[in-house]
Amino acid sequence: MENFSALYAIRRYFSYSFFPMTMSSTGTGVRPFLTISVNFFNKNNGQTWIFRTSIDVSTLNRYIEQIGTGPLSDIFIVSRLGEPPLLQTSSEQYGPPLSPYPFELPHSRIGITISEERGVWDYVVLKAVSFIEGSPWALVLLKHGYLYGKDWSFFKARLFFIVMISTIVALFIILQITKLFVGRIREADEKRESMMAEIEHTSKLASIGRLAAGIAHEINNPLAIISAKTGLITDLLELSENFKYKNKIEAEIQGTANAVERCKVITHRLLGFARRMDITLESISINSLMKEVLSFLDQEALYRGIHIDLDLAESIPIIESDRGQLQQIFLNLINNAIDAIGKDGKVIIKTSKRDDDTVQVDVIDNGKGIPQDIISHIFDPFFTTKDTGEKRGTGLGLFITYGIIKKLGGHISVRSTVGTGTTFTVILPTKINLSRRVHDVEG
Amino acid sequence: MSKVKVLVVDDEIEFATTLAERLNIRGFETTCCFCTEDALALIHAREFPDVVLLDLKMPHMDGMETLEEIKKYNPTIEVIMLTGHGGGISLIGAERKKHSPFDCIMKPADINELTSKINQAMAKRQLAISKGEGV
């Protein structure tokens, strides 16, 4: 027998034909199968052999299905014999073998023909048809286009829309986050700036205080000499008899003594300010302290028809502070209030709890008020509006008050309306953070 | 009645001498020393004043140390600190010392206040002497 190994070889020496599929019952139901027969002509003895084989379609199916082409394609074999052509293997779309294939096969029997069609549900379908050489069969491959949309343009539009929306949302979120952080940074910056300004201001005041104390100290000795000598001259004049200019000299000396007295007040206040850098802490009820301070006040307030009201909060935390210095600052503020009113008015002293760690005291008067252009200077040293009349101000009261409050860990602020009145607000901590105190050497 | 003996110790010569004159006009017997060495020398020589007006800030020796020295020799001598600066009073509070001054006055001092304090100091000294605490 000749060798059957190469189909080409067989083709040369033998003729073969495919018989179309026939149905055959094998006792287990109707099963389609196809038959291939090969004629073998032995030229040696003139005999013809026919080799016939039947292939179950399911076997063929298996081979076809093994061509993995992805989930959305269809691949099947169609026979070009018959009208319409019949499926030889099963198709997802068109059914089991021997179902009709509802399309025309391409005319060209050579190569692969690719076309575009509309499939079910109007999907675009790519169809490739290849005729199997030497057989009545064609292999049809169907590929549905575009998983996610009916139509490429619709898909494109949807995609574009989604991308646009995402971009806009992303931009919006980025903008918001950026705004948030920029805001935070700006807040932190502003806070830092204001803290720096306050530190600068406080340290400026501290150095002014030290400078003033230093000057006062230097001046004090010569001042003591002048004071002693004018005193001595006065003593001697008293002891002496009348002479030509005695009265005039006495008067002049008195004038000098008065001037010296004014200097003494200033230097003593400045040195007192420097001196009291040491704090003696004790537990103080701010309400009791305010009542004490009232008792120190001159009768002048009553004399001038000024009422002083106490508006004390019922439950207010005990604070740790220096009693003497607190008395000093509130005495200063209340006296200022009285002077601002002049005659017939009202001063309200209000205490309140701000939170668990701070208390607030307001000194409110209905006096003449402080104009906006000078209100920022009232804590400056030697700044006074009381520069005429018998009670000349040294301009040191609020300067010293400010320094003491800062030293005690608190804060002072002022609000005023010309013609209506002024409110000084003092905020004090319940506990002083001692490590933050400004230490001044001797004074 | 003998005059109250006052010793003024201050390195400002003009101040000390003028103050001494004013006190003398008012009936005290006042001596001046312009440095602490002289003052201590006086006291060591057993020439005791009744009251010492002592300036706090002196060269070479601190006012507080001088106070200690004076009290060591004669604890009944009363010392009134004169200070030209504010630190004095708080220093007194801060120092752990055995002896304390009778009082403190800031310069420039009011003469009447000064004389009143000197008289009070004298009274205290006389009381101490009568109790036998010193001379």
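Residues numbered from 1 in each chain as written. Chains lettered and ligands numbered in written order. Predicted model: local features only at pLDDT ≥ 70, side-chain atom pairs only at ≥ 80, totals over all residues. Heavy atoms only, no water.

Asker: How should I be thinking about the overall build of chain B in this particular structure?
Answerer: For chain B, the helix and strand inventory stands at five helices and five strands. By the burial criterion, 49% of the 135 residues in chain B qualify as buried. Surface summary for chain B: the accessible area is close to 6200 Å², and the carbon and sulfur share equals 50%. (Helix = DSSP H or I, 4+ residues; strand = E, 2+ residues; numbered from the N terminus. Buried < 20%, exposed > 50% of the residue type's maximum accessible area, 1.4 Å probe, protein only. Areas by Shrake-Rupley, 256 points an atom, 1.4 Å probe, with all protein chains shown as cover.)

Asker: Please explain the confidence of the model for chain A as it appears in this structure.
Answerer: Do not read the predicted coordinates in detail wherever pLDDT is low. Residues and elements named next belong to chain A. Looking at chain A, pLDDT values average 79 and 82% of them are 70 or higher. Mean pLDDT across the elements of chain A bottoms out in helix 1 (residues 7-13) (43) and peaks in strand 15 (residues 421-429) (93). Below a pLDDT of 50 lies the segment residues 1-14, which in the model reaches eight contacts outside its immediate sequence neighbourhood of four places, other chains included. Long-range and interchain partners of residues 20-29, a stretch whose pLDDT sits below 50, account for 18 contacts in this model, where long-range means more than four residues apart. (pLDDT = per-residue confidence, 0-100. Contact = heavy atoms within 4.5 Å.)

Asker: In this structure, what is going on with the pairing of strand 15 of chain A? I would like to understand it.
Answerer: Consecutive side chains of a regular strand alternate in pointing toward one face of the sheet and then the other. Residues and elements named next belong to chain A. Of all nine residues in strand 15, nine are buried, a share of seventy percent or more. Residue alternation in strand 15 divides its side chains into two sets, Gly421, Thr423, Thr425, Ile427 and Pro429 and Thr422, Phe424, Val426 and Leu428, and both sets are buried. Where strand 13 (residues 358-365) lies against strand 15, eight bridges are found, and the strand directions are antiparallel. Paired with Asp365 across the two strands is Thr422, which belongs to strand 15. Pairing analysis gives seven bridges linking strand 14 (residues 411-417) to strand 15, with the strands arranged antiparallel. Bridge assignment links Ser416 to a residue of strand 15, and that residue is Thr422. Taken together, strand 14 and the strand that follows it, strand 15, pair antiparallel across an intervening segment of three residues, in which Gly419 is found at a positive phi of about 90 degrees. (Pairing = 2+ DSSP bridges.)

Asker: Looking at this structure, how should I read the sheet that holds strand 8 (residues 137-144) of chain A?
Answerer: Whether parallel or antiparallel, the strands of a sheet pair through hydrogen bonds between backbone atoms. Residue and element names in this part refer to chain A. Here we have five strands laid out as an open sheet, ordered 5-4-8-7-6, and antiparallel in their pairing. Looking at which strands have only one partner, the edges of the open sheet turn out to be strand 5 (86-87) and strand 6 (112-118). Two elements, strand 4 (residues 73-79) and strand 5, share two bridges in a ladder whose sense is antiparallel. Bridged to Ser79 within strand 5 is Leu86.

Asker: I would appreciate a short explanation of the side chain of A:Thr230 in the present structure.
Answerer: Secondary-structure assignment places A:Thr230 in helix 3 (residues 152-239). Excluding residues that lie within four positions of it along the chain, A:Thr230 makes contacts with A:Ile253, A:Thr256 and A:Ala257.

Asker: Before we go on, may I ask you to explain helix 5 (residues 286-296) of chain A in this structure?
Answerer: Since the α-helix turns once every 3.6 residues, residues separated by three or four places project in the same direction. Residue and element names in this part refer to chain A. The set of residues buried in helix 5 consists of Ile286, Asn287, Leu289, Met290 and Val293. Angular distribution of buried residues about the axis of helix 5 spans 160 degrees; they occupy a single face of the element. Across helix 5 from its buried face, at more than 90 degrees, point the exposed residues Lys291 and Ser295. (Arc of directions from axis to C-beta.)

Asker: It is not clear to me how helix 3 (residues 63-73) of chain B should be interpreted in this structure. Could you clarify?
Answerer: Residues B:Gly63, B:Met64, B:Thr66, B:Leu67, B:Ile70 and B:Lys71 constitute the buried set of helix 3 of chain B. Viewed along the axis of helix 3 of chain B, the buried residues span an arc of 155 degrees, placing them on a single side of the element.

Asker: Explain the pattern of salt bridges to me, please; I cannot follow it from the model alone.
Answerer: Pairing between side chains of opposite charge can happen when the charged atoms of each approach one another. All names here are of chain A. Enumeration over the complete set of coordinates arrives at 19 salt bridges over all chains. Asp189 is paired through a salt bridge with Arg192; the nearest N and O atoms lie 3.3 Å apart. Linking Asp189 with Arg192, this pair stays in helix 3, spanning three residues, or about one helical turn. Overall, the relative accessible area of 35% leaves Asp189 in the partly exposed class. The exposed category is assigned to Arg192, whose relative accessible area is 52%. (Salt bridge = Lys/Arg side-chain N within 4 Å of Asp/Glu carboxyl O.)

Asker: Explain the confidence of the model for chain B to me, please; I cannot follow it from the model alone.
Answerer: Residues and elements named next belong to chain B. For chain B, mean pLDDT is 83; residues scoring 70 or higher make up 89% of the total. Counting interchain partners and residues more than four positions distant, the pLDDT-below-50 stretch residues 87-96 has 13 contacts. For this predicted complex, the interface score ipTM comes out at 0.85, alongside a pTM of 0.49.

Asker: Would you mind going over the packing of helix 3 of chain A against helix 9 (residues 397-407) of chain A with me for this structure?
Answerer: Relative placement of two packed helices is described by the angle separating their axes and the distance separating the axes. Residues and elements named next belong to chain A. As a packed pair, helix 3 and helix 9 sit with axes 11 Å apart at the nearest point and diverge in direction by 120 degrees. Relative to helix 9, helix 3 is oriented oblique. Of the two possible hands of crossing, helix 3 and helix 9 adopt the one that is left-handed. Contacts between helix 3 and helix 9 involve Glu198, His201, Thr202, Leu205, Ile208 and Gly209 from the first element and Phe399, Tyr402 and Lys406 from the second. (Axes fitted to C-alpha atoms, helices over the stretch in contact; angles between N-to-C directions. Parallel < 35°, antiparallel > 145°, perpendicular 65-115°, else oblique. Left-handed = near helix turned anticlockwise from the far one by under 90°.)

Asker: How should the packing of helix 2 (residues 36-44) of chain B against helix 3 of chain B be read in this particular structure?
Answerer: Residue and element names in this part refer to chain B. Contact geometry of helix 2 with helix 3 gives a least axis separation of 10 Å together with a crossing angle of 5 degrees. What the angle tells us is that helix 2 and helix 3 run roughly parallel. On helix 3, the residues touching Thr36, Leu40, Ile43 and His44 of helix 2 are Thr66, Glu69, Ile70 and Tyr73. Considering only residue class, the contact of helix 2 with helix 3 consists of four nonpolar, three polar and one charged. (Nonpolar A, V, L, I, M, F, W, Y, C, P; charged D, E, K, R; others polar.)

Asker: Help me understand a nonpolar patch on the surface in this model?
Answerer: Taken together, the side chains of A:Phe161, A:Ile162, A:Ile165, A:Val169, A:Phe172, A:Ile173, A:Ile177 and A:Phe181 present a nonpolar region at the surface, about 790 Å² in accessible area. One can find A:Val169 in helix 3. (Patch = residues over 30% accessible without salt bridge, like charges linked within 9 Å, V, L, I, M, F, W, Y side chains within 5 Å.)

Asker: It is not clear to me how the packing of aromatic side chains should be interpreted in this structure. Could you clarify?
Answerer: The way to describe two aromatic rings as a pair is by their centre distance and the angle between their planes. Applying the stated criterion to the full structure yields five aromatic pairs over all chains. Seen from their ring centres, A:Phe379 and A:Tyr402 are 5.2 Å apart, and the 50 degrees between their planes marks the pair as tilted. Taken together, the positions of A:Phe379 in the loop between helix 8 (372-375) and helix 9 and A:Tyr402 in helix 9 put the pair 23 residues apart, joining distant regions of the chain. Each of the two residues, A:Phe379 as well as A:Tyr402, counts as buried. Among the aromatic side chains, those forming a connected cluster through ring pairs are A:Phe76, A:Tyr94 and A:Tyr101. Here the guanidinium or amino end of B:Lys107 rests over the ring plane of B:Phe15, the centre of that ring lying 4.8 Å away. (Phe/Tyr/Trp six-rings, centres within 6.5 Å; stacked < 30°, edge-to-face > 60°. Lys NZ or Arg CZ within 6 Å of the ring centre and 35° of its normal.)

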